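Observations on chain architecture
Here are the chains, one letter per residue:
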Amino acid sequence: MIRFRIQSIVLLAFLINNLLPFAIQAADKLDLGQITEKHVMIPMRDGIKLSAYLYFPPGSGPWPVLSEQRYGGFTGTNTRKHMAQMAEGGYVVAGISFRGTQLSEGKFVGYRDLGWGEKKDGYDIIEWLGVQKWSNGKVGTFGSSQAGYAQNFQAVTQPPHLVCQYMTDTGLSLYHEGYRIGGTTRPTRFKNMENACRNPKDNQELMKEWYQHPTYDEYWQAEDCSRHFDKMNVPCFTIGSWYDFMCVGSIQSFIGRQNRAGSQSVGKQKLLIGPWLHGRLNKTNQVRDVKYPLDANVDVQKSMLKWFDYHMKGIGKSPYDEPAVKYYVMGAVGEDNAPGNEWRTSDDWPIPSRQTDYYLQADGNLKLSLPTVSDSSTAFIADPFHPAKIPGRSFLGAKNAQPYEKQAEVKTFTTEPLKEAVEWTGLVKTELYVSSSAKDTDFIVRVTDVYPDGRSILIVDMIRRARFREGFGKEVLMEPGKIYKLAFNIGWLSQNFNKGHRIRVTVASTGAPFYEPNPNSGEPLTIESSKNQVIAKNRVHHDKIYHSKIIAPVIK
């Protein structure tokens, strides 16, 4: 009797681990018209199987295959309908989950088993899709954000069946553009990744690994695709969004692939940048508090299918008959004859600009002239117990920033009303001269377009942890009271500031929960909040010796 019970328990465990997921999937029916949906497990070189949802068009094939890989789920109704709509274009469409996520077997280690390591899951997936009887051997990849990162990892491994790619709001370096933006830590955000894991402990162990590597060392270099552009060798269409902190990844992906990659990559890249938020199917003219003209709307799915049809079916107009870059110059909305709010093209990126210094001044002014006073600074507090507030977990681009700017420990520097319009298109940088009572602290810099009625529309921002002021390869703490130069990139934009508007630069040290506060203690960074948090008294200096400034890419 005991032996029977043990056998029953073993059998039940087998059913739960191996059959129940398929039963759940099968019970969730959805009318996809003539498209057939199928769930399979794709074997990797080490025997681990990854979960894949396949969508087949009507007919007998063979067809070209489109693949997306991510750790986010594929069972949502909108996701399944979107995949089916793509399949209607005459493709088998595959959605594959990362190792250790959703129904995929194995241990979740982020992107490490997807790229050029020992296991090469990205390579194995594409090659499996390329040799199935329903496949014609041509595989293309698509996806945004995490699925954009995945495509860069896959491109480095050079799968023979990979024909082309289509990335939206992508990234290259997990240290610089993901887990350690500006050298900061983001534990609360990434604790939530365990919700995608088959075993939540995988993510907990992974986060412990991250905190053993605070600097950009060999550990993080192994997850940096920008080090391997020479191995990327396929055409790729890349979409970037101005109101997206990951716009830097999209632009750098294009630049690297277009200029430093293989012969099938160089000169065969396309870049589209518009006034949008981070995402995929949200490229519309309504962006939070700003409504652009209707031509800011882009049908990403239609664009994708045109790209894939040309490269995988040989139909349609060549995309290379047009300039490589198409970008949207943003401008004031709701104002007659305001400059900007138009599409432009370029053969390469970035376009030529005049690097122009805007200097922070006493009394909150921002001017093109150097400060003339001998001793001037603006003080503010970095209080991890009561930080200034930036609500939510996503960048609040295109939002009125006045609620943040009015907080006590947030300081603004603003030009006089512009006598004529001025366009910034390119990479905005900053050089701050700062001091603190603490050994370490953060500095946040924002750029906004201030309307005559007072609205301050956020365009770009960035944060830098002071201990990384000499680069991300080492940590150098501050000596309290000493003045240091802190130089970093704020972000990419294309904005025409209209006549009568003002340009504003905002400086602060906290903005939670979007930026998780620095404990200011100078201790090693930890997942949980430090017990030794201290309040830092910070200063940004703006005098004739220590002249803090913004460096803007001004277009004549």
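Here is a short report on the structure shown in this document. These numbers come from a predicted model, not from an experiment.

1. A look at the overall build of the protein
Secondary structure summary: the protein contains 11 helices and 25 strands in total. Relative to a compact globule of 556 residues, whose C-alpha radius of gyration would be 24 Å, the protein shows 25 Å and is just as compact. Projecting the C-alpha coordinates of the protein onto the three principal axes gives extents of approximately 85 × 65 × 40 Å. Across the 556 residues of the protein, 57% fall into the buried class.

2. Quick notes on the pattern of salt bridges
This structure, assessed with the given rule, holds 28 salt bridges. Between D121 and R99 there is a salt bridge, with the nearest N and O atoms lying 2.9 Å from each other. Of this pair, D121 sits in helix 3 (residues 121–130) while R99 sits in the loop between strand 4 (92–97) and helix 3; the two residues are 22 residues apart in sequence, bridging distant segments of the chain. The residue E342 makes a salt bridge to R344 at a minimum N-O spacing of 3.0 Å. Given a relative accessible area of 33%, E342 falls into the partly exposed group. Each of D46, R99, D113, K119 and D121 takes part in salt bridges that share partners, so that together they form one network.

3. Observations regarding unusual backbone geometry
Residue P62 is reached from G61 by a cis peptide bond, and omega for that bond is 0°. Mapped onto the elements, P62 comes out in the loop between strand 2 (49–56) and strand 3 (63–70). The omega angle of the peptide bond from A512 to P513 is 5°, so this bond is cis rather than trans. Relative to the helices and strands, P513 is located in strand 23 (residues 512–513). Of note, the phi angle at D169 is positive, near 45°, even though the residue is not glycine. By secondary structure assignment, the location of D169 is in the loop between strand 6 (162–168) and helix 5 (174–179).

4. Here we look at the sheet that holds strand 11 (residues 325–329)
The mixed open sheet is built from 10 strands, whose spatial order is 1-2-4-3-5-6-7-8-11-12. For this open sheet the edge positions go to strand 1 (36–43) and strand 12 (342–346), each flanked by a neighbour on one side alone. Direction aside, neighbouring strands of the sheet carry axes that sit 25° apart on average. Here 5 bridges tie strand 11 to strand 12, and the two strands are oriented antiparallel to one another. Counterpart to Y328 in the pairing with strand 12 is W343. Running over the sheet, helix 2 (residues 77–87) touches strand 1, strand 2, strand 3, strand 4 and strand 5 (135–144) and is turned about 145° from strand 4.

5. Brief notes about helix 9 (residues 247–260)
Taking 1.5 Å of rise per residue, 14 residues should cover 20 Å, and helix 9 covers 19 Å from first to last C-alpha, within 8% of that figure. Burial runs high along helix 9: 10 of the 14 residues are buried. Within the sequence span of helix 9, burial applies to C247, G249, S250, I251, S253, F254, I255, G256, R257 and Q258.

6. Thoughts on the sheet that holds strand 17 (residues 411–414)
Strand pairing in a sheet takes place through backbone hydrogen bonds and is either antiparallel or parallel in direction. If you walk across this open sheet you meet the 4 strands as 17-22-19-20, and the pairing is antiparallel. The open sheet terminates on both sides in strands that have one partner only, identified here as strand 17 and strand 20 (456–465). Across the sheet, the mean angle separating the axes of adjacent strands is 20° when strand polarity is ignored. Where strand 19 (residues 442–450) and strand 22 (residues 502–508) come together, 7 bridges link them in antiparallel fashion. Residue pairing for strand 22: I444 is matched across the bridge by A508.

7. Brief notes about the packing of aromatic side chains
Applying the stated criterion to the full structure yields 36 aromatic pairs. Ring geometry for W307 and Y320: centres 6.2 Å apart, planes at 70°, overall edge-to-face. Separated by 13 residues along the polypeptide, W307 in helix 10 (residues 300–313) and Y320 in the loop between helix 10 and strand 11 bring together distant segments of the chain. According to the relative accessible area criterion, W307 is buried, its value standing at 3%.

8. Section: the packing of helix 2 against helix 10
Relative to each other, helix 2 and helix 10 sit at 35°, their axes nearing to 11 Å. The handedness of the crossing between helix 2 and helix 10 is right-handed. Taken together, the residues of helix 10 that come into contact with helix 2 (itself represented by H82, Q85 and M86) are Q301, M304 and L305. Here the contact of helix 2 with helix 10 is built from residues that sort into 3 nonpolar, 3 polar and no charged.

9. Re helix 10
Compared with the 20 Å implied by 1.5 Å per residue over 14 residues, the 19 Å span of helix 10 between its first and last C-alpha is a close match. Where burial is concerned, most of helix 10 is hidden: 10 out of the 14 residues are buried. Among the residues of helix 10, V300, Q301, S303, M304, L305, W307, F308, D309, H311 and M312 are the ones counted as buried. Elements that come into contact with the buried residues of helix 10 comprise strand 3, helix 2, strand 5, strand 6, strand 7 (236–243) and strand 8 (269–277). For helix 10, the N-terminal cap is D299; the gap from its side-chain oxygen to the backbone nitrogen of Q301 is 3.3 Å.

Scoring rules and cut-offs
Residues numbered from 1 in each chain as written. Predicted model: local features only at pLDDT ≥ 70, side-chain atom pairs only at ≥ 80, totals over all residues. Heavy atoms only, no water. Helix = DSSP H or I, 4+ residues; strand = E, 2+ residues; numbered from the N terminus. Rg over C-alpha atoms; globule rule 2.2 N^0.38 Å. Buried < 20%, exposed > 50% of the residue type's maximum accessible area, 1.4 Å probe, protein only. Salt bridge = Lys/Arg side-chain N within 4 Å of Asp/Glu carboxyl O. Pairing = 2+ DSSP bridges. Axes fitted to C-alpha atoms, helices over the stretch in contact; angles between N-to-C directions. Contact = heavy atoms within 4.5 Å. Expected span 1.5 Å × (residues − 1). Phe/Tyr/Trp six-rings, centres within 6.5 Å; stacked < 30°, edge-to-face > 60°. Left-handed = near helix turned anticlockwise from the far one by under 90°. Nonpolar A, V, L, I, M, F, W, Y, C, P; charged D, E, K, R; others polar. Polar contact = N/O pair within 3.5 Å; in protein donor to acceptor, adjacent residues only side chain to side chain.

Keep in mind these numbers describe shape, not what the thing actually does.
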